[in-house]
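Listed below are the residues making up each chain.
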Amino acid sequence: MGIDKQDETVQEMPEGTDGGQADALFLLVLNPRRKEMDLIGINRNTMTQIDMYSDTGAYINTVTAQICVQHGFGNGMEKSCVYQKEAVSRLFYGLPIHGYAAVNFSAAASLNDAVGGVDVTILEDMTSESPLLEEGKQVHLEGEDALTYVRWRDTDAFASADRRLERQMQYLEGFVEKTKISAREDIFNIARLYRAASPVMVTDVTADKAVYLASQTLDYRGGSNNFYVLEGETVMGEQFEEYYIDETALYEMILEIFYDPVSERN
């Protein structure tokens, strides 16, 4: 989860709706049998069932709304993360999710620089934010330019969240590759990344487990062939944009990623 907050540390909030929206949502799938690492990008505006809670933390009801607002309920810490995890699980037909990590967007620049920066071809003109971010230009993202690339969107343009998710998926492909290179040089670089993110991260994955998982997945297949985005359509709702997923495409993607044909099993 990428939480739309710029605070330098995560802070527990009073019960309510101020936990921060999950403006970036990704489901990481590790398959030790196939030795594959898949990443599924979830549009922040995906319309799905979310649970609403009162200021005292009491469950009120379940409504259909943008999936990103689920994290706003709770305390902005573990409770908000659990709520968001449950909403994503529900979207994927009750799929068990074994861990979560929510990171404030403020960490993007430091994490980017910790792996030596990431190379991308700029997908969308963003020169209003930085002269470096010219559409079609190949750049090495560093510092605040990395943060701008994964966070900024033109809120006056229709479906800007769709285009931002495309940039985020592109960026993450490069970031994962740079992280793997760093980990092959020294697996404890994963622990250093973990510590760098810790002040603005809420997670139930320990540093030891993160290092272990990284060590086990260094030779996993990944990259663009293993990156997915939930297919669907953005429409204008009464107040906000709404993204409706293609249920057939979601079902087929789940079968492709999580199931093996019977003929392949002995």
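Up top you'll find the structure we're talking about.
Residues numbered from 1 in each chain as written. Predicted model: local features only at pLDDT ≥ 70, side-chain atom pairs only at ≥ 80, totals over all residues. Heavy atoms only, no water.

A.B. asks: Sorry if this is basic, but what is going on with the sheet that holds strand β3 (residues 36-42) here?
C.D. replies: Sheet strands line up and pair through hydrogen bonds in the backbone, either parallel or antiparallel. Taken in spatial order, the 6 strands of this open sheet run β9-β6-β1-β2-β3-β10, and their pairing is mixed. Single-partner strands in this sheet number two, and they are β9 (201-203) and β10 (227-229). The sheet contact formed by β3 and β10 spans 3 bridges and is parallel. Of the residues in β10, the one forming a bridge with I40 is Y228. (Pairing = 2+ DSSP bridges. Helix = DSSP H or I, 4+ residues; strand = E, 2+ residues; numbered from the N terminus.)

A.B. asks: What exactly am I supposed to notice about the side chain of E241 here?
C.D. replies: Mapped onto the fold, E241 is located in strand β12 (residues 241-245). Buried E241, no salt bridge; nearest opposite-charge side chain is R153, N-O distance 5.0 Å. A distance of 3.0 Å separates the side chain of E241 from the backbone nitrogen of A159, its partner in a polar contact. Leaving out residues up to four positions away in the same chain, E241 has contacts with N45, Q66, A157, F158, A159, S160, T234, V235 and M236. (Buried < 20%, exposed > 50% of the residue type's maximum accessible area, 1.4 Å probe, protein only. Lys, Arg positive; Asp, Glu negative; His and termini not counted. Salt bridge = Lys/Arg side-chain N within 4 Å of Asp/Glu carboxyl O. Polar contact = N/O pair within 3.5 Å; in protein donor to acceptor, adjacent residues only side chain to side chain. Contact = heavy atoms within 4.5 Å.)

A.B. asks: Where do I start with a nonpolar patch on the surface in this structure?
C.D. replies: A surface patch of nonpolar side chains, amounting to about 350 Å² of accessible area, comprises L28, L30, Y212 and L213. At the level of secondary structure, the elements contributing two or more residues to the nonpolar patch comprise β2 (22-31) and α6 (207-217). Tracing the chain through its elements places Y212 in helix α6. (Patch = residues over 30% accessible without salt bridge, like charges linked within 9 Å, V, L, I, M, F, W, Y side chains within 5 Å. Areas by Shrake-Rupley, 256 points an atom, 1.4 Å probe, with all protein chains shown as cover.)

A.B. asks: In this structure, what is going on with the packing of helix α5 (residues 189-197) against α6? I would like to understand it.
C.D. replies: Helix-helix packing is described using two parameters, namely the angle between the two axes and the distance between the axes. Close contact between α5 and α6 brings their axes to 9 Å; oriented N to C, the two are set at 140 degrees. Here α5 is positioned oblique relative to α6, judged by the angle of their axes. Considering how the two elements wind past one another, α5 and α6 form a crossing that is right-handed. When α5 is examined against α6, the residues I190, A191 and Y194 are found in contact with a partner set consisting of A207, A210, V211 and A214. Here the residues of the contact of α5 with α6 sort into 7 nonpolar, no polar and no charged. (Axes fitted to C-alpha atoms, helices over the stretch in contact; angles between N-to-C directions. Parallel < 35°, antiparallel > 145°, perpendicular 65-115°, else oblique. Left-handed = near helix turned anticlockwise from the far one by under 90°. Nonpolar A, V, L, I, M, F, W, Y, C, P; charged D, E, K, R; others polar.)

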